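Residue-level listing of the chains:
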Amino acid sequence: MIKNNAKNEEKDIYQWQQFCQGKTAALEFFYLKYYNLLYNYGLKLLNDPDHIQDFIQDIFYKICKYKHPETISNLKVYLLRSMRNSVYDYYSTIKEIQNIDDMEFSIPDDDIVFNHFFAKDDEDIQRWKSVLVAIQTLTNRQKQILYLYYIKDLSHKEIADILDIAPQTSVNTLSNTIKKLSTLLNKTLLEYLLICALA
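Not measured: the values here are computed from a predicted model.

### What about the side chain of histidine 156?
Then, number 1: Take histidine 156: it is sitting in helix H8 (residues 156-163).
Then, number 2: A polar contact is formed between the side chain of histidine 156 and the side chain of serine 170, at a distance of 2.7 Å.
Then, number 3: Not counting chain neighbours up to four residues away, the residues in contact with histidine 156 comprise Tyr149, Pro167, Ser170, Val171 and Leu174.

Here's what the structure looks like:
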């Protein structure tokens, strides 16, 4: 696993160097690699597949036209932050939002998602529904940090860059989130939540 990660990282570095040297075709590699990540994250901010697909196209188009792409130190973080900002800009044009943190962050609660990602049987579905009830009591920031840290395996530094907060704020928020969930869920259900997130 470590070797595979190292090889993937080397490939990413090589492809990014190719793009920075003017070989725009190399950007297709990152488009294919990060499309699902951006699409799934975007849908949690705005439940509109057509708009999210348009945002992804716009984000990569802007990168393609960017004069100094070598200044982007972490492409994954840059892409997720760009998606968040794109959704915020869209919301700003259609309804009054005073702050980017006011955007709703939704965790899917339909049975199709349960069956596809988490559920093995009816008992699992009921457990996950209980977990979701607890998750819906969290703030949008708490849900985002929980999602980015456990589901997307991002570091607190990366989360901080995406959400425009301090890394310690991400650490503290996640800690408080787990404490809150522990008061709403019994130990078995809390462990189930983290196991599902890390699966």
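Past the structure itself, the notes keep going.
### What to know about helix H4 (residues 75-94)
Then, number 1: Helix length check: H4, at 20 residues, gives a terminal C-alpha distance of 29 Å against a target of 28 Å (1.5 Å per residue), a fit within 8%.
Then, number 2: Those residues of H4 not exposed but buried are Leu75, Val77, Leu79, Leu80, Ser82, Met83, Arg84, Ser86, Val87 and Tyr91.

### Thoughts on the nonpolar core
Then, number 1: In this structure, Tyr41, Met83 and Val87 are the most contacted members of the largest nonpolar core, which totals 52 residues.
Then, number 2: For this core, the leading source of residues is helix H2 (residues 27-45), giving 8 residues.
Then, number 3: Look past the residues within four positions of valine 87 in its chain and what remains in contact with it is Leu45, Leu46, Ile52, Phe55 and Met103.

### A look at the packing of H2 against H4
Then, number 1: At a minimum axis separation of 10 Å, H2 and H4 run at an interaxial angle of 40 degrees. It follows that H2 is oblique to H4 by the angle criterion. Between H2 and H4 lies a crossing of right-handed hand. Contacts from Phe30, Tyr34, Leu37, Leu38, Tyr41, Gly42 and Leu45 of H2 reach H4 at Leu75, Lys76, Leu79, Leu80, Met83, Arg84, Val87 and Tyr91.
Then, number 2: A breakdown of the residues in the contact of H2 with H4 according to their chemical character gives 12 nonpolar, 1 polar and 2 charged.

### Considerations on the packing of aromatic side chains
Then, number 1: Scanning the model with the defined rule gives 13 aromatic pairs in all.
Then, number 2: Where phenylalanine 29 meets phenylalanine 30, the ring centres are 4.9 Å apart and the plane angle is 85 degrees; that geometry is what we call edge-to-face.
Then, number 3: Overall, the relative accessible area of 22% leaves phenylalanine 29 in the partly exposed class.
Then, number 4: You can call phenylalanine 30 buried: its relative accessible area is 3%.

### Observations concerning the environment of alanine 160
Then, number 1: Along the polypeptide, alanine 160 turns up in helix H8.
Then, number 2: Considered as a pair, alanine 160 and valine 77 are 83 residues apart in the sequence and their alpha carbons are 9.5 Å apart.
Then, number 3: Excluding residues within four positions of it along the chain, alanine 160 makes contact with Ile165, Ala166 and Pro167.

### Topic: helix H3 (residues 49-65)
Then, number 1: Over its 17 residues, H3 runs 25 Å from end to end, which matches the ideal 24 Å to within 8%, given 1.5 Å per residue.
Then, number 2: For H3, the set of buried residues is Ile52, Phe55, Ile56, Ile59, Phe60 and Ile63. Buried residues of H3 fall within an arc of 125 degrees about the axis and therefore sit on the same side. The outward face of H3, more than 90 degrees from its buried face, is lined by the exposed residues Asp50, Tyr61, Lys62 and Lys65.

Rules used in this analysis
Residues numbered from 1 in each chain as written. Predicted model: local features only at pLDDT ≥ 70, side-chain atom pairs only at ≥ 80, totals over all residues. Heavy atoms only, no water. Helix = DSSP H or I, 4+ residues; strand = E, 2+ residues; numbered from the N terminus. Polar contact = N/O pair within 3.5 Å; in protein donor to acceptor, adjacent residues only side chain to side chain. Contact = heavy atoms within 4.5 Å. Expected span 1.5 Å × (residues − 1). Buried < 20%, exposed > 50% of the residue type's maximum accessible area, 1.4 Å probe, protein only. Core = buried A, V, L, I, M, F, W, Y, C linked by side-chain atoms within 4.5 Å. Axes fitted to C-alpha atoms, helices over the stretch in contact; angles between N-to-C directions. Parallel < 35°, antiparallel > 145°, perpendicular 65-115°, else oblique. Left-handed = near helix turned anticlockwise from the far one by under 90°. Nonpolar A, V, L, I, M, F, W, Y, C, P; charged D, E, K, R; others polar. Phe/Tyr/Trp six-rings, centres within 6.5 Å; stacked < 30°, edge-to-face > 60°. Arc of directions from axis to C-beta.

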